Amino acid sequence: KFPDLSEFAETFIVGLYMSPKRLVEIRKSRLLSINEKTTGSYADLCKVEEEAIESKRMCARNGWVVLDINDKSVEEISAKIIQEYHKWRKKKKQGK
């Protein structure tokens, strides 16, 4: 369960989305790199899919942008976040 973050609804926050399958691959690789044998729910596909759904819902409830970062470079993601930040600031200045 995600914490209630509604107090940050007026803050610039960007959700980053990656396919659950890809995220599980990354998490499993991370666990292997630290010699962790048990994965628990951290790398369980069903749990990760639930996390993805809940995080998208949380972002939607709070009006936060969600970026799909599948197959994107760090530079592309950074540029998109900056672009979204400028849009957000412009809306705030216009009182929307």
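Residues numbered from 1 in each chain as written. Predicted model: local features only at pLDDT ≥ 70, side-chain atom pairs only at ≥ 80, totals over all residues. Heavy atoms only, no water.

Colleague: How should I be thinking about the packing of aromatic side chains in this particular structure?
Modeller: What describes a pair of aromatic rings is the distance from one ring centre to the other and the angle between the planes of the rings. Evaluated as defined, the whole model comprises three aromatic pairs. Three or more aromatic residues joined by ring pairs make a cluster, and in this case those are Phe12, Tyr85 and Trp88. Directly above the ring of Tyr42 sits Arg27, whose terminal nitrogen or CZ lies 4.7 Å from the centroid. (Phe/Tyr/Trp six-rings, centres within 6.5 Å; stacked < 30°, edge-to-face > 60°. Lys NZ or Arg CZ within 6 Å of the ring centre and 35° of its normal.)

Colleague: Explanation requested: helix α2 (residues 45-62) in the structure shown.
Modeller: Side chains three or four residues apart in an α-helix point the same way, a direct result of the helix having 3.6 residues per turn. With 18 residues, α2 extends 26 Å from end C-alpha to end C-alpha; this agrees with the ideal 26 Å at 1.5 Å per step. Looking at the packing, one finds that the buried side of α2 touches β1 (14-17), α1 (20-33) and β2 (65-68). Downstream of α2 by one or two residues, Gly63 has phi in the positive range, about 75°. (Helix = DSSP H or I, 4+ residues; strand = E, 2+ residues; numbered from the N terminus. Expected span 1.5 Å × (residues − 1). Contact = heavy atoms within 4.5 Å.)

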